[in-house]
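Next come the chains, spelled out residue by residue.
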Amino acid sequence: MHSWMFLATAILLEVAGTTSMKLAEGFSKFWPSLLIFVCYFLSFTALTFALKRIDLGVAYAIWSGLGTALIALIGITFLEEPFGVVKLASIGLIIAGVAGLNLSAGH
């Protein structure tokens, strides 16, 4: 169970790091620029601990898939990025794929 908590933490830190990339405006803002490196370092550290008990392919797919879906939702919700039916359906497919991988992880 701890491995899944490490994976969830890794996802949230990756999302924070990626959001900081946008807020850093090409490294022109100090604190968001620093957060990029701190969040990614901590994210990779947590992901490494998660890999002690979760298969690499499953962990990485969940980490990257949920991270991608969350970043897309943050962009739409907070950064006023354009969205439409295709974008929302694609996010849904990512989430469905992650759910499928999670269900298959026990086999």
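Structure: above.
Residues numbered from 1 in each chain as written. Predicted model: local features only at pLDDT ≥ 70, side-chain atom pairs only at ≥ 80, totals over all residues. Heavy atoms only, no water.

1. Focus on the overall build of the chain
Broken down by element type, the chain carries four helices and zero strands. When the elements of the chain are put in sequence order from the N terminus, they spell out α-α-α-α. Once the C-alpha set of the chain is aligned to its principal axes, its extents read approximately 45 × 35 × 15 Å. Out of the 107 residues belonging to the chain, those deemed buried represent 30%. Accessible surface, the chain: about 7000 Å² in total, of which carbon and sulfur atoms supply 74%. When the 5 basic and 5 acidic side-chain charges of the chain are each reduced to a single mean position, those positions are 7 Å apart. (Helix = DSSP H or I, 4+ residues; strand = E, 2+ residues; numbered from the N terminus. Buried < 20%, exposed > 50% of the residue type's maximum accessible area, 1.4 Å probe, protein only. Areas by Shrake-Rupley, 256 points an atom, 1.4 Å probe, with all protein chains shown as cover. Lys, Arg positive; Asp, Glu negative; His and termini not counted. Charge placed at Lys NZ, Arg CZ, Asp CG, Glu CD.)

2. Structural notes on the nonpolar core
If you look at the biggest cluster of nonpolar residues, it comprises 13 residues, and the most contacted ones within it are Leu 7, Ala 10, Ile 11, Leu 47, Ile 54, Ile 62 and Trp 63. Mapped by element, the contributors of at least two residues to this core are α1 (2–24), α2 (30–50) and α3 (56–78). Once residues within four sequence positions are removed from consideration, Ile 11 is found in contact with Ile 62, Trp 63, Leu 66, Gly 67 and Leu 70. (Core = buried A, V, L, I, M, F, W, Y, C linked by side-chain atoms within 4.5 Å. Contact = heavy atoms within 4.5 Å.)

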